[in-house]
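Close look at the chain arrangement
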Amino acid sequence: MSIRNWPTRLLLVLCFTIFVSSAYAARGDRNNTLNDVRPRHWDESHVRRVLAAFAYGGLASDAQIDTWSRMRPRHAVAEILTFDSVNNKLSPPEAGDDTSLHCGSLASLQAFWSSDDPYNMMKYGDRSRYAVLNANNRLSTSNLQRTWVKAISTRGCNPFLHKMALYITNYHASISVEKTRAGLIRDYYDRIAAALSNSGDFIDVMTVAATDAALARAYGHRLSKYYNRTEVFKGTDDFAREFHQLLFRINGTTENTVYHEDTTIEHTAWMLTGMNVDRNQGAYGSPDKVDWYIGPIDFSDHYDDYTKPRNLRNTSLHYHGNTGEDSCLEILHSTICGDNAGEKIAELARVAAEHSESMANVPVTIIDFFADDNLDANKIKAIRGTWAEADYNLLKFIRKYAASTAFHNTNTFKYRTAFDRNLLVQNKNTLDNEEAFGRDLFDSPFARMRDQGAVIFDPAHDVFGGQTGFQAANNRYLFRDAYWSNVAKSTFLLDISDTYTLDPGVDAAVYKWQKDWGSVIPVNANGEYVVADVAEWLWNHFIGDGGKNFDPIARAQVHALLADNRDFAYVVDPSNPDVAYSSDEIVNGAASATDQALAAETMNFNQNTANIRVGMAINFITMTPYAFVMEGK
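Since this is a predicted model, take the numbers as computed values, not measurements.

Calculation criteria
Counting restarts for each chain, with residues numbered from 1 along the sequence as it is written. Only residues with pLDDT of at least 70 get local features here, since the model is predicted, and only at 80 or more are side-chain atom pairs given and counted; chain-wide, interface and lining totals rely on the full set of residues. To get the side-chain values, take all heavy atoms of the structure and skip hydrogens and water. Runs of E in the DSSP output that reach at least two residues are strands. Runs of H or I that reach at least four are helices, and both are numbered from the N terminus. Between the two quantities, the radius of gyration covers C-alpha atoms and the globule rule is 2.2 Å times the number of residues to the power 0.38. Note on classification: 1.4 Å probe, protein chains only; a residue is buried when its accessible area is under 20% of the maximum for its type, exposed when over 50%, partly exposed between these limits. The contact definition used throughout considers only heavy atoms, calling two residues in contact when any of these lie within 4.5 Å. For the area figures, the Shrake-Rupley method with a 1.4 Å probe applies, and any residue is considered shielded solely by the protein chains shown. In what follows, a disulfide is any cysteine sulfur pair within 2.5 Å. The aromatic pairing rule takes the rings of Phe, Tyr and Trp, using the six-membered ring of Trp, and pairs them if the centres are within 6.5 Å, calling planes under 30 degrees apart stacked, those over 60 edge-to-face and the rest tilted. We count a charge as sitting over a ring when the NZ of a lysine or the CZ of an arginine lies within 6 Å of the ring centre and within 35 degrees of the ring normal. By definition, the arc is the one covered by directions from the helix axis to the C-beta atoms. Nine residue types can take part in a nonpolar core, namely buried Ala, Val, Leu, Ile, Met, Phe, Trp, Tyr and Cys, and a core is a set of them joined through side-chain atoms within 4.5 Å.

Bringing the overall build of the protein into the picture now. On a plain count of helices and strands, the protein comes out with 28 helices and 12 strands. On C-alpha atoms alone, the protein measures out to a radius of gyration of 28 Å, which is about the 26 Å that the 2.2 N^0.38 rule sets for 633 residues. Its C-alpha atoms give the protein principal-axis dimensions of roughly 90 × 85 × 40 Å. In the protein, which comprises 633 residues, the proportion classed as buried is 54%. Put simply, of all contacts in the protein between residues at least 6 apart along the chain, 69% involve residues at least 24 apart. For the protein, the exposed surface amounts to about 26,600 Å²; the carbon and sulfur share of it is 50%.

Structure, rendered in structure tokens:
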């Protein structure tokens, strides 16, 4: 049919559509900001993608996810992503458990989970593993790390807040616990989490980071001094450089090299004087003096509470100029003033955040960490525009991106780190807090992530951050360790019950945690758990792609594990269990009858065998490629 024969009305509709689309595209180009997914395109897979990227899958119910899928994208994302210590919809607290009252800091969680508080549901035998001190009464790094991991899969604690705090402390402004000890790095993390909850302003958060005692000890500038009378600086410029490079992503590429090194970096080093850290005897209850460093930094001249009190001259040994009257420094072509290091850092933080390199690099670094390993020029342009529009509001920026077509895009993909993959699986496999607190300690992903190169507060690249998704994807040894965690050490997926006690002095088990997948997997109209439906639900629960990648081969294997607890090839022909069946053979060939029969079987969740078979199916699903990478659409 030629175009001249088309109905006039159809032509008008077509022209109007082209005009609107062009105008919409032009508006996006003109604003250079991210565009929301259209409400009619928003569905459950979009919601699950947001949960996976920003909250380790979250701990929301299916009903809540369905509600979010029916809301306007930006309204749904606003409920999913908050910096509150408790997000009642993303991770609802449970009755009888007071954990949610302590989710704002690791210090509070450690104190609560290691206590005999009657509303502490942590089983008694595990409480010492979350205590501040180890069996030798020294600060315990492993207990602190274990506390963070447990917080992610505990209902009542906001996993998005803790993932963002992880990003800041282990990737963006990264330091290692080896350089600070557990007390200082816990304080550093908790202050960052509090800054996120209090304002969510990037400049505020970076000011907290830059003034923290943990960084001062890790980088050594706690010992930097400026002798004002003689105009002599003694100290290190290590953090002076990292202040700009790591905190604000200013590498000096747009600056005159001589000016950047001799003025900006040198004067920043002078600014970072008078930041010595108090060392108080018996801090954290430890008898070991190496544990006694505490924060926050007191920028005044004062004595600490060391065995022999030390005179910390943080005001006197800070840069004040030759006369003591002009305490200003030129940094980044700006005049930075203040009576002490804390005041100057707060002033410089805004100048640094407004620098063109920071404006260009910070938002891209954030999105690269959370959501996209395939950023192109168009995405980057819109991301930068949205960062400028957000005016340093981290929450506003992340929410805008999470609802955007740049994120929910066929060209977007994200390789998952061992943090992302293991914690997502843990969250999706943990049905309630009784399971989280009552199951065997070794079901925690803490050791699995460590073996796969992801350790909280011990970043793989020290100050340059933790393991990346690219590294996890391209390291065959990490994949091997992940594989064997599922195949040879899969108790965390197959464990269906454990006994425990909550009371000190009680040796015999009083309570029993019991797995019940039937409590969350939906039934059909006849009240039955049909294998095909259970398989579909499990795939979407753990992979979250709406079944897009649940191909016939994967389906057949899951059907066989759920119905018969054996591999599909074995069910088809026990005498040839290693045969590889193609999709065509499963859909149309000799194996199709077997697959259809398996898919039609029903499961009885009143028997433990059903829960074990679900664990076997999860074991398979979580080792498919789609568990290691997140697609954008």
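A few words now on the state of the cysteines. Here a disulfide denotes a covalent bond joining the sulfur atom of one cysteine to the sulfur atom of another. Under the defined criterion, the tally for this structure stands at two disulfides. The partner cysteine of C103 in its disulfide is C157, sulfur to sulfur 2.0 Å. Here the disulfide of C103 and C157 is left-handed, its torsion about the S-S bond being about -75 degrees. Remark: C157 occurs in the loop between α6 (141-152) and α7 (159-172) and C103 occurs in the loop between α4 (73-80) and α5 (106-113); sequence separation between them is 54 residues. Under the relative-accessibility criterion, C103 is labelled buried at 0%. Note on C157: relative accessible area 0%, which makes it buried. The residue that forms a disulfide with C328 is C337, at a sulfur-sulfur distance of 1.9 Å. Judged by the torsion about the S-S bond (105 degrees), the C328/C337 disulfide is right-handed. C328 sits in the partly exposed class, given a relative accessible area of 23%. Assigning the bonded cysteines of the protein consecutive numbers by sequence position, one obtains the connectivity 1-2, 3-4.

Our focus in this paragraph is the environment of G295. Structurally, the position occupied by G295 is in the loop between α12 (257-271) and β3 (301-303). G295 sits 110 residues away from I185 along the chain, and the two C-alpha atoms are 9.6 Å apart. Excluding residues within four positions of it along the chain, G295 makes contact with L184, D187 and A213.

A separate point is the packing of aromatic side chains. All chains considered together, the criterion is met by 33 aromatic pairs. Three or more aromatic residues joined by ring pairs make a cluster, and in this case those are F54, F83, F160, Y167, Y171, F369, F370, Y401 and F407. In this structure, R310 is placed above the aromatic ring of Y306, and the distance from its NZ or CZ to the ring centre is 5.8 Å. Above the plane of the ring of F446 lies R450, whose end atom (NZ or CZ) is 5.8 Å from the centre.

With that settled, consider helix α27 (residues 592-600). Where α27 is concerned, the buried positions are S592, D595, L598 and A599. Projected onto a plane normal to the axis of α27, the buried residues spread over an arc of 130 degrees and lie on a single side. Exposed residues pointing more than 90 degrees away from the buried face of α27 are listed as A593 and A600. Residues of α27 that are buried sit in contact with β10 (529-530), α23 (531-542), α24 (552-564), α25 (568-572) and α26 (583-587).

Looking now at the nonpolar core. Counting 130 residues, the largest nonpolar core has F54, W148, F243, L247 and F248 as the members making the most contacts within it. At 10 residues, helix α8 (residues 177-198) tops the list of elements feeding residues into this core. For F54, the contacting residues outside a window of four places in its chain are L81, P159, F160, K163, F370, A371, I398, Y401, A402 and F407. Counting 39 residues, the second-largest nonpolar core is a separate cluster that includes A482, A554, Y581 and I621.

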